[in-house]
Amino acid sequence: MRIQGIEYEDLAGRFGTPLYVYDGEVLTDTVTELRSALHPALEVFYSLKSNPNISVFRVLRRGGARAEVSSLVELRTALAAGAKPEDVIFLGPGKSAEELGACLDVGVYAVVVESFDELDHLERLAGDRGVRQRVLLRINPACAISGSRLTMGGKPRQFGIDEKAVLDAGDLPSRYRHADVAGIHVYMGTRILDAEVLGKNTAYALDLAERVVRSTGIRLDAVDIGGGMGVAYFDGESDLDLADVVKELNPRIEKFATAHPGTRLILESGRFLSARAGTYVLGVRYVKESLGESFAVADGGTHHHMAAVGIGSFVKRNFPAVLLGRDGEERTRTGPISPQNVTGPLCTPNDTLLKQAQLPDLRPGDLIGVARSGAYGPTASPGLFLSHGYPAEVLVTEGRAHLVRSRDEPDDLMRKQHLYDQPSTPDHALEETQ
Ligand SMILES: *Cc1c(COP(=O)(O)O)cnc(C)c1O
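About the cut-offs
Residues numbered from 1 in each chain as written. Predicted model: local features only at pLDDT ≥ 70, side-chain atom pairs only at ≥ 80, totals over all residues. Heavy atoms only, no water. Patch = residues over 30% accessible without salt bridge, like charges linked within 9 Å, V, L, I, M, F, W, Y side chains within 5 Å. Areas by Shrake-Rupley, 256 points an atom, 1.4 Å probe, with all protein chains shown as cover. Salt bridge = Lys/Arg side-chain N within 4 Å of Asp/Glu carboxyl O. Lys, Arg positive; Asp, Glu negative; His and termini not counted. Charge placed at Lys NZ, Arg CZ, Asp CG, Glu CD. Helix = DSSP H or I, 4+ residues; strand = E, 2+ residues; numbered from the N terminus. Buried < 20%, exposed > 50% of the residue type's maximum accessible area, 1.4 Å probe, protein only. Arc of directions from axis to C-beta. Polar contact = N/O pair within 3.5 Å; in protein donor to acceptor, adjacent residues only side chain to side chain. UniProt positions renumbered as here; feature names shortened; annotations may be inferred. Near = heavy atom within 4 Å. Nonpolar A, V, L, I, M, F, W, Y, C, P; charged D, E, K, R; others polar. Pairing = 2+ DSSP bridges. Axes fitted to C-alpha atoms, helices over the stretch in contact; angles between N-to-C directions. Parallel < 35°, antiparallel > 145°, perpendicular 65-115°, else oblique. Left-handed = near helix turned anticlockwise from the far one by under 90°. Contact = heavy atoms within 4.5 Å. Phe/Tyr/Trp six-rings, centres within 6.5 Å; stacked < 30°, edge-to-face > 60°. Lys NZ or Arg CZ within 6 Å of the ring centre and 35° of its normal.

J.: I tried to follow a negative patch on the surface on my own but got confused; where do I start?
T.: The grouping of Glu25, Asp29, Glu33 and Glu398 at the surface amounts to a negative patch. By secondary structure assignment, the location of Asp29 is in helix H2 (residues 24-37).

J.: Mind showing me how you'd approach helix H3 (residues 54-62) here?
T.: Two residues of an α-helix separated by three or four positions point the same way, owing to the 3.6 residues in each turn. When H3 is considered as a whole, its buried residues turn out to be Val56, Phe57, Val59 and Leu60. For H3, the buried positions fall inside an angular range of 155 degrees around the axis, keeping them on one side. Capping the start of H3, Asn53 holds a side-chain oxygen 2.8 Å from the backbone nitrogen of Ser55, two or three residues further along. Where H3 terminates, the next one or two residues include Gly64, which has phi positive at roughly 105 degrees.

J.: Where do I start with the pattern of salt bridges in this structure?
T.: When their charged atoms lie close together, side chains carrying opposite charge are able to pair. Using the criterion set out here, one finds 24 salt bridges in the structure. Between Arg2 and Glu7 there is a salt bridge, and its shortest N-O distance comes to 3.4 Å. On the accessibility criterion, Arg2 (55% relative accessible area) is exposed. In this structure, the salt-bridge partner of Asp221 is Arg219, at a minimum N-O distance of 2.8 Å. What makes Arg219 partly exposed here is its relative accessible area of 39%. Each of the salt bridges in this network shares a partner with another, and the network as a whole consists of Glu43, Arg66, Lys84, Asp87 and Arg264.

J.: Please explain the UniProt feature "active site" (unreviewed entry) in the protein as it appears in this structure.
T.: UniProt tags Cys347 as "active site" (unreviewed entry). If you trace the backbone, Cys347 turns up in the loop between strand E18 (337-343) and strand E19 (352-360).

J.: Quick question: what am I supposed to make of the site of the ligand here?
T.: Not every one of the 14 residues close to the ligand is listed here, only the nearest: Lys49, Thr190, Glu268, Gly270 and Tyr376. Take Arg271: an N or O atom from its main chain is 2.8 Å from an oxygen atom of the ligand. When the free accessible area of the ligand is taken as 390 Å², the share hidden by the protein chains comes to 94%. The residue makeup of the shell around the ligand, split by class, is three nonpolar, six polar and five charged.

J.: Looking at this structure, how should I read the pairing of strand E16 (residues 293-298)?
T.: Side chains on a regular strand alternate between the two faces of the sheet. Pairing geometry for strand E15 (residues 278-290) and E16, over six bridges, is antiparallel. Residue pairing across strands places Val287 opposite Ala296, the latter belonging to E16. Connecting E15 to the antiparallel partner E16 that follows it, the hairpin turn spans two residues, and Leu291 within it adopts a positive phi of roughly 45 degrees. Two strands pair when backbone bridges link them, and E16 and E18 are joined in this way by four bridges, in the parallel orientation. The partner of Phe295 across the bridge, within E18, is Asn341.

J.: Any chance you could explain the environment of His304 here in plain terms?
T.: Looking at the secondary structure, you find His304 in the loop between E16 and helix H11 (306-309). What makes His304 buried here is its relative accessible area of 3%. On a C-alpha basis, the gap between His304 and Asp171 in space is 48 Å, while along the polypeptide they are 133 residues apart. Reaching out from His304, the side chain makes a polar contact with the backbone oxygen of Gly389 at a distance of 2.8 Å.

J.: Could you clarify how one ought to interpret the packing of helix H8 (residues 195-216) against helix H9 (residues 242-259) in this entry?
T.: Between two packed helices, what matters for the description is the angle formed by their axes and the separation of those axes. As a packed pair, H8 and H9 sit with axes 8 Å apart at the nearest point and diverge in direction by 15 degrees. In terms of orientation, H8 lies roughly parallel with respect to H9. Two packed elements cross with a definite hand, and for H8 against H9 that hand is right-handed. Each of Ala195, Glu196, Leu198, Gly199, Lys200, Thr202, Ala203, Leu206, Ala209 and Glu210 in H8 lies in contact with H9, whose residues at this interface are Asp244, Val245, Glu248, Leu249, Arg252, Ile253 and Phe256. In terms of residue class, the contact of H8 with H9 is made up of nine nonpolar, two polar and six charged.

J.: I'm lost on the packing of aromatic side chains in this one. Help?
T.: Remark: the centre distance and the inter-plane angle together describe each pair of aromatic rings, the angle taken between the planes. Summed over all chains, the structure comprises six aromatic pairs. Seen from their ring centres, Tyr233 and Phe319 are 4.4 Å apart, and the 20 degrees between their planes marks the pair as stacked. Highlighted residues: Tyr233 in the loop between strand E13 (222-227) and H9 and Phe319 in the loop between H11 and strand E17 (321-325), separated in sequence by 86 residues. Neither Tyr233 nor Phe319 differs from the other in exposure class; each is buried. Positioned above the aromatic ring of Phe272 is the side chain of Arg276, whose terminal nitrogen or guanidinium carbon lies 4.4 Å from the ring centre.

Below, the structure written as structure tokens:
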């Protein structure tokens, strides 16, 4: 199997396994298709949370994506990859003074505040600096629209301010001089595969924006309609059809943009932009049988790809996976297909990437690719479990492979530990207790 003409085996040989490989063409095509399909008034902001690799974002930015960030390092990543401050928004429920200060220093387009407490904090910090900072209020909507795997709204949440509390807040511009409240943000859920749900969420957010303007007197510089567009991972799921998304969103955006010509309209997207570009490549170390089932024990697992392992979901479902290559001239041999378990190196039974997946009989040295793995991979996994650390990441663009993140080496991980040796305990006392 190849990526832009390069054998995965060559990538594994050059960079080692386990390894994440990102296809720059897929990233570019995805962002380009999305942006050209959507109404031009709707700007696409990439959620770095889904894949914060600086070169991944660089490719998406070249394709016209802006940046939605939630930490100091994500902010620095976005700027270092060339995002302009006016195309960066910062959100997250527990921002530190340092993070808010960095937003003010940089002059990001907007800070999305998630509580009145935070708004007061930002007001003080901006006042101390003598600056004004545009703020969007994140609203916890009073109603939930079903169809998303993780639904926000209609429930007590640490995210955002309850819709009712915002609508009851009274005149906001007179109370905040440095925190310039000028828009709203609503994020209703993730993994949405139903265009109609996206349409309803959008309609809700746009209508809410107008209600908030009427009740609080804020300007409407921006409305962030969230996003949460999904990709299909499992049997029985299918990808969003962009034509359906267009049908649901564009008329609503057109109507709102005409009524509010100066308002920026923001769509946030993480998974939709990054997932399909990534493949998690692992190498099989050992194979064995246990009570009639085949196990291939590989070098990658939970610690890099918790989502594929599916901890937390009730029934284990497999991400799409393929045999990418194997040693020798039998590279292309597909062989008999049978159910195989692919497990990782961790000492926990949960470390099962593929359960009874239909794959050719596996052997040591085989390379397996877990597809659609570009979102919520290593950064959303317990990378330090069993002290393995972060895998290498490679970006393939224009037919060439580039290392875009180095694998954590043992020295990297040892360096962070500090040996404290109790001086009052003689060594022989230690030995006696062992
Ligand atoms: C996680 C998150 C996103 C990205 O969600 P995807 O489903 O990956 O597109 C966008 N906005 C907010 C507020 C989020 O928390």
